[in-house]
Amino acid sequence: IRGCRRTDFQQGDSHVLYKSVTEGLFVLPADCLVYPAHDYQGRSNSSISEERVVNARLGEGKTEEQFVAIMKNLNLPYPKKIDASLPANLLCGYPDDASWKAAATA
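Residues numbered from 1 in each chain as written. Predicted model: local features only at pLDDT ≥ 70, side-chain atom pairs only at ≥ 80, totals over all residues. Heavy atoms only, no water.

1. Here we look at the packing of helix H1 (residues 14–25) against helix H3 (residues 64–72)
The following threshold applies: Lines fitted to C-alpha atoms define the axes, with helix axes restricted to the stretch in contact, and inter-axis angles between N-to-C directions lie between 0 and 180 degrees. Runs of E in the DSSP output that reach at least two residues are strands. Runs of H or I that reach at least four are helices, and both are numbered from the N terminus. Note on terminology: angles under 35 degrees are roughly parallel, angles over 145 are roughly antiparallel, angles of 65 to 115 are roughly perpendicular, and the others are oblique. With the far helix as reference, a near helix turned anticlockwise by less than a right angle produces a left-handed crossing, and one turned clockwise produces a right-handed crossing. Note on contacts: a residue pair qualifies if any of its non-hydrogen atoms lie within 4.5 Å across the two residues. Under the scheme applied here, ten amino acids are nonpolar (Ala, Val, Leu, Ile, Met, Phe, Trp, Tyr, Cys and Pro), four are charged (Asp, Glu, Lys and Arg), and all others, including Gly, are polar.
Two elements in contact, H1 and H3, have axes separated by 9 Å at closest approach and are oriented at 130 degrees. On the basis of their axis angle, the class for H1 and H3 is oblique. In terms of crossing hand, the pair formed by H1 and H3 is right-handed. Packed against H1, whose contacting residues are Ser-14, His-15, Leu-17, Tyr-18 and Lys-19, the element H3 presents Glu-64, Phe-67, Val-68 and Met-71 at the interface. In terms of residue class, the contact of H1 with H3 is made up of five nonpolar, two polar and two charged.

Below is the structure:
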């Protein structure tokens, strides 16, 4: 809600994400409700019409080039447990090796 996922790791691609949202979500009916996987502000849902207007990264008719520039310049901190989480995410579970277990408890 009011944003989008990161594209700076885990095979992220700003161009692909832009097309996914603008050609997959923003074409849905305006009153269609969307429920995020997580939202750090406590919001439980939004609507396609709201996101088309107020989404800081994708709303207000932003072009693909504008979106890519926004994503490139976010300068977000490196997630603390990403080195442990990514291998597990890619394998849809928990890798069974000592290096993963050590990273997960660090």
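What follows picks up the thread again.
2. Overview of the nonpolar core
Note the cut-off: Here, nonpolar core means buried Ala, Val, Leu, Ile, Met, Phe, Trp, Tyr and Cys residues that are tied together by side-chain atoms lying within 4.5 Å of each other. Under the scheme applied here, a residue whose accessible area is under 20% of the maximum for its type counts as buried, over 50% as exposed, and between as partly exposed, the area being computed with a 1.4 Å probe on protein chains only.
Counting seven residues, the largest nonpolar core is built from Leu-17, Tyr-18, Val-21, Phe-26, Leu-58, Phe-67 and Met-71. Of all the secondary-structure elements, those providing two or more residues to this core are H1 and H3. For this core, the element with the most residues is H1, which contributes three residues. Non-local contacts of Phe-26, meaning those with residues more than four positions away in its chain, are made with Val-21, Ile-48, Glu-51, Arg-52 and Leu-58.

3. Focus: the packing of aromatic side chains
Selection criterion: Aromatic pairs are defined between Phe, Tyr and Trp rings, using the six-membered ring for Trp, whenever the two ring centres lie within 6.5 Å; interplanar angles under 30 degrees are classed as stacked, those over 60 as edge-to-face, and all others as tilted.
For the structure on display, the rule yields one aromatic pair. With 5.8 Å between their ring centres and 40 degrees between their planes, Tyr-18 and Phe-67 make a pair best called tilted. Of this pair, Tyr-18 sits in helix H1 while Phe-67 sits in helix H3, placing them 49 residues apart in sequence. A relative accessible area of 12% means that Tyr-18 is categorised as buried. Residue classification places Phe-67 among the buried residues on the basis of a relative accessible area of 0%.

4. Let's talk about the pattern of salt bridges
Spelled out, the test is: Basic side-chain nitrogens of Lys or Arg form a salt bridge, by our definition, when they fall within 4 Å of a carboxyl oxygen of Asp or Glu.
Overall, the coordinates contain six salt bridges when judged by the stated rule. Measuring nitrogen to oxygen at the nearest pair gives 3.0 Å for the salt bridge that ties Glu-50 to Arg-2. Residue Glu-50 is found in helix H2 (residues 48–54), and its partner Arg-2 is found in the segment before H1; the two are separated by 48 residues along the sequence. Residue Arg-2 is classed as partly exposed on the basis of its relative accessible area, which comes to 27%. In this structure, Asp-8 engages Arg-6 in a salt bridge whose closest nitrogen and oxygen atoms are separated by 2.8 Å. Shared partners join several salt bridges into a network, and the residues in it are Arg-2, Glu-50 and Glu-51.

5. Some remarks on unusual backbone geometry
Notably, Glu-60 is not glycine yet its phi reads approximately 60 degrees, a positive angle. Position of Glu-60 relative to the elements: it lies in the loop between H2 and H3. Of note in the backbone geometry, Asn-75 takes a positive phi value of approximately 50 degrees without being a glycine. Accessibility expressed as a relative area gives 67% for Asn-75, which makes it exposed.

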